[in-house]
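Coordinate inspection notes
Listed below are the residues making up each chain.
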Amino acid sequence: MSEKIGIYVCHCGSNIAGTVDVEEVARWAGKNVEDVAISRDYKFMCSSLGQSLIEEDIKKEGLTRIVVAACSPHLHEKTFRQACENAGLNPYLLQMTNIREHCSWVHIDKNAATEKAKALVAAAAGRVRHQRPLERMYVKVNPATLVIGGGIAGLQATLELADAGYPVYLVEREPSIGGHMAQFDKTFPTLDCSACILTPKMSEVGQHDKVTMYTYSELEEVSGSVGNFKVKIRQKARMVTAADCTGCGVCVEKCPRKVVDDVFEVGMATRKAIYMQFPQAVPRIPVLDTANCTYFTRGKCQVCAKVCPTNAIDYTQKDEIIEVEVGNIIMATGWKPFDCKRIPQYGFGRLANVYTNMEFERLCNASGPTNGKIVLRDGKTEPKSVAIIHCVGSRDTTTNTYCSNVCCMAAMKFGHLVLEKTQAEVYSFYIDVRAPQKDYEEFYQRLLEEGMHFVRGKVAEVTDAARQPDEAGRLIVQVEDTLMGRQRRIPVDMVILMGGLEPQADAKEIGLKCGISCSMAGWYTERHPKLDPVATMTDGIFVAGVCQGPKDIPASVAQGAAAAARVAGMITKGQVMIEPIVASINEVECSGCRICNTMCPYNAIDYDGEKNVSHVITALCKGCGTCVAACPAGVISGAHYNNEQIFAEIEGVLWDAHGNGAATEKEFVPVAAG
Amino acid sequence: MVNENFEPKIVGFCCNWCSYRAADLAGTARIKYSPNVRVLRVMCSGRVDPSFVMKALASGADGVLIAGCHPGECHYIEQNYKAMRRYSILKHTLRAMGVEPDRVRLVWASAAEGQQLAEAIDLLVADVRKLGPLKWPGNWTENGQRAEALETLLKEHEEAFEVVS
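Keep in mind that this is a model prediction, so the values were computed, not measured.

Points about the overall build of chain B
Each helix and strand counted, chain B has six helices and four strands in total. Walking chain B from its N terminus toward its C terminus, one meets helices and strands in the order β-α-β-α-β-α-β-α-α-α. Long-range pairs, those at least 24 residues apart, make up 79% of the contacts in chain B between residues at least 6 apart in sequence.

This is how it looks when you write it as structure tokens:
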């Protein structure tokens, strides 16, 4: 195999040439590297002149391999691949080596840097000889999109895409779309009624001819890849035939069984065994809770079936698996509230009048259990003083270290509502007040003027053990006021814990189904924290809303729209390029041991029982190469990163170390094991 | 017995998504570190076949650095865990072969951790410098007797396999 290699060493002005003797590297490479035909140095390789230098050499000199020693391939690999392509050379016959970020910028010693640059060039030249031309693949993009999660972020994404004329499948776990926003009373800082701004969007989605909703459904399985995903959705049995139900609500009204509603009303109120999640639920189809239904638990009742005017109740309904095909997936799976019982010193679950933020949302909601009256658990006493504790399960090394982003503003919203609806004094115990968005600071100033007391300090405990007569029968907040510099005990009637936002319990599991990863905290990892905040590392999967990290409603809406824009872009383009960096199995030599099958996180390796061999489904392979390293027979090859290439690269990078320090018998002292 | 003049040669395997970008960031931020580590790019730390490490040591490297994304942050979901398992087996094997396991190190570096990666590189270089040169190829190629012994051993193995098949 005789190749004609062209080596191009970039000065990058003085960025590289300042530390690395670029001319020496090029001269050395021209003399010492095997199969080198041309070795040049140039001021700026990435300039159009630098690129045309490569192009001309390929055409005139018939170069078959190119090595560019310049900056990071993450910056300019595309540029130089294009240059090769322009000159008719397969772009995968190029190898870039990084002598700027990995060499000239991080070293001071010119000699050492020059030697290192030589080794890096030698490695690239060693490997490039073994590189093979690869063909890029293009797949068509299915114009349909799957949106997982019907909260505000998912609804926004759904509407954007549906309004643009593309079909959308919306999957929601709960019986109704709407998400957490449907539980809220007011939204900060404008104090818009949450339902008034949310429900129009919900019904718009419900009635949209481009939207197919699957509520009370969960994601079962995702297969395929960008452009062509196949998705299985589990439609849980509602026991109500959707096509026949008119949503009249007679069944709900007549159902004799009352159950505590732990989901929507967070345990603050009851619902029936057959129920609609909330009055404005979309779709208006009730769900029968078989775990609590008298007919299902005791075998008698069937009142709902008797009263239903359209015979829509069907006790024999089973879970159904629905299969849809989509080109892209938007994950908007949201969050779950922090379990305040995890901080026992704050007394939630033990002291009656300690509320969580979600409980208080329902308490002050006009359609909530008290019709919006702020009263204690006894249902009648109006509190005379209310404590709001910030950062419960946020900014705390024992629970979650991150800031939940919305609690400061929600606490001020609560403060405003208490001041507006009652005569109570309101204390807010904060670490820092975080109000950085548009009009948020103004809202903070407004609350200061309205007389909410801000006490800076992390609360030590909430107790009912009175020490003073005025503390008797009340809750005492023990706190170090860090502005006054002393301990305080503040007796109050009601305590609201601003529980943080946590990733959904099954976020990781659902992420795995779609092939995306979570951060340590459990939020989905975006492709780039600043420049690509809605795409993920898996092509065709986008994230929106809180599942990517705590954020408020405006940010969730913006992200939902952004994700939709990205998807619309993919659909409009019509096709996507797939990198040919994939694994392949030599079926003749495969022994069918199946070790590789379990290695692949994308289930891209399939086992053929008849032939007793495994093979790679190219469309699913992402090219990580773990199976290549795992194959005991060494018959899996990773395109562009095969063993031959990497071994040549290792030899090249150690060109100056072969036979390192010719040792004598005496000097060789094996190290004892252990 | 630290030889101040000894400059160890260390091969680094960085994953394309986190640690290679961490090294890029170290460059962009002009963080200085020892020039002894030469970084090669692989798509994932899970691609690092233990034979790459052996190959590097056999080709004259005094140490090897493997760098991947933090656990839970792998671009390929969980392949860095596989790198982690292979690494612990590899260390055991190295010890059995008489190579100080400290010469090979697995570290995690997110794309934001240029500083941490640079520190890990400096630490490894300092540790390998203390251990001294490995001289692995030298031991086998320069000493005729040893090389012969190895060949005899290989031949015996081949013969044993022939009988089986």
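Back to the write-up after that little detour.
Comments concerning the overall build of chain A
Each helix and strand counted, chain A has 18 helices and 34 strands in total. Considering only C-alpha atoms, chain A reaches an extent of 90 × 70 × 55 Å along its principal axes. In chain A, which comprises 674 residues, the proportion classed as buried is 50%. In chain A, of all internal contacts separated by at least 6 residues, the share reaching a separation of at least 24 is 70%.

A look at the packing of helix H18 (residues 643–653) of chain A against helix H2 (residues 50–58) of chain B
Packing of H18 of chain A against H2 of chain B leaves a shortest axis separation of 9 Å and a crossing angle of 30 degrees. Relative to H2 of chain B, H18 of chain A is oriented roughly parallel. You can see that H18 of chain A and H2 of chain B cross each other, and the crossing is right-handed. Judged by residue contacts, Ile-646, Phe-647 and Ile-650 of chain A of H18 of chain A engage Phe-52, Lys-55 and Ala-56 of chain B from H2 of chain B. Tallied by class, the residues present in the contact of H18 of chain A with H2 of chain B amount to five nonpolar, no polar and one charged.

Observations regarding the pairing of strand E27 (residues 494–499) of chain A
Residues and elements named next belong to chain A. Of all six residues making up E27, six are buried, and the element is well covered by its neighbours. Here E27 shows a buried face lined by Met-494, Ile-496 and Met-498 and a second buried face lined by Val-495, Leu-497 and Gly-499. For strand E21 (residues 385–392) and E27, the ladder comprises five bridges, and the chain directions are parallel. Of the residues in E27, the one forming a bridge with Ala-387 is Val-495.

Here we look at the nonpolar core
One finds Ile-330, Met-331, Ile-388, Val-477 and Val-495 of chain A to be the most contacted residues of the largest nonpolar core, which totals 135 residues. In terms of residues, this core owes the most to one element, helix H12 (residues 407–421) of chain A, which gives nine residues. Apart from residues no more than four positions distant in its own chain, Val-495 of chain A is found in contact with Asn-353, Val-354, Tyr-355, Ala-387, Ile-389, Val-462, Leu-475 and Val-477 of chain A. Judged by nonpolar contacts, the second largest core, of 126 residues, contains Tyr-42 and Met-45 of chain A together with Met-43 and Leu-57 of chain B.

Concerning the environment of Ala-657 of chain A
Residue position: Ala-657 of chain A is located in the segment after H18. A tally of 23 C-beta atoms within 10 Å means that Ala-657 of chain A is categorised as buried. Taking the C-alpha atoms as reference points, Ala-657 of chain A and Arg-81 of chain A, separated by 576 residues in sequence, lie 31 Å from one another. Not counting chain neighbours up to four residues away, the residues in contact with Ala-657 of chain A comprise Lys-9, Ser-59, Gly-60 and Ala-61 of chain B.

Details of the pairing of strand E26 (residues 486–492) of chain A
All names here are of chain A. As paired strands, strand E25 (residues 475–481) and E26 are joined by seven bridges and run antiparallel to one another. When the bridges of E26 are listed, Asp-481 appears paired with Arg-486. Taken together, E25 and the strand that follows it, E26, pair antiparallel across an intervening segment of four residues, in which Gly-485 is found at a positive phi of about 75 degrees.

Quick notes on the sheet that holds strand E23 (residues 453–456) of chain A
Residues and elements named next belong to chain A. The strand order across the open sheet formed by five strands is E20-E27-E21-E22-E23, and the pairing between neighbours is parallel. Looking along the sheet, the strands with just one partner apiece sit at the ends: strand E20 (354–356) and E23. Sheet twist, expressed as the mean angle between neighbouring strand axes with direction ignored, is 25 degrees. Direction of pairing for E20 relative to E27: parallel, over a ladder of three bridges. Among the inter-strand pairings, Thr-356 is bridged to a residue of E27, identified as Leu-497.

Observations regarding the interface of chain B and chain A
On the side of chain A, 56 residues touch chain B, which itself brings 51 residues to the contact. Secondary structure elements with two or more residues in the side of chain B that touches chain A: helix H1 (19–28), strand E2 (37–42), H2, helix H3 (79–96) and helix H5 (136–141) of chain B. Looking at the side of chain B that touches chain A element by element, the count peaks at six residues for H1 of chain B.

Quick look at the confidence of the model for chain B
Residue and element names in this part refer to chain B. Mean pLDDT over chain B works out to 87, with 87% of the residues at or above the 70 mark. By mean pLDDT, the top-scoring element of chain B is strand E4 (residues 104–108) (97), and the lowest-scoring one is H5 (65). Prediction confidence for the complex, expressed as pTM and ipTM, is 0.76 and 0.89 respectively.

About the thresholds
- Residues numbered from 1 in each chain as written.
- Chains lettered and ligands numbered in written order.
- Predicted model: local features only at pLDDT ≥ 70, side-chain atom pairs only at ≥ 80, totals over all residues.
- Helix = DSSP H or I, 4+ residues; strand = E, 2+ residues; numbered from the N terminus.
- Contact = placed C-beta atoms within 7 Å.
- Buried ≥ 20, exposed ≤ 12 C-beta atoms within 10 Å, placed from the backbone.
- Axes fitted to C-alpha atoms, helices over the stretch in contact; angles between N-to-C directions.
- Parallel < 35°, antiparallel > 145°, perpendicular 65-115°, else oblique.
- Left-handed = near helix turned anticlockwise from the far one by under 90°.
- Nonpolar A, V, L, I, M, F, W, Y, C, P; charged D, E, K, R; others polar.
- Pairing = 2+ DSSP bridges.
- Core = buried A, V, L, I, M, F, W, Y, C linked by C-beta atoms within 7 Å.
- pLDDT = per-residue confidence, 0-100.

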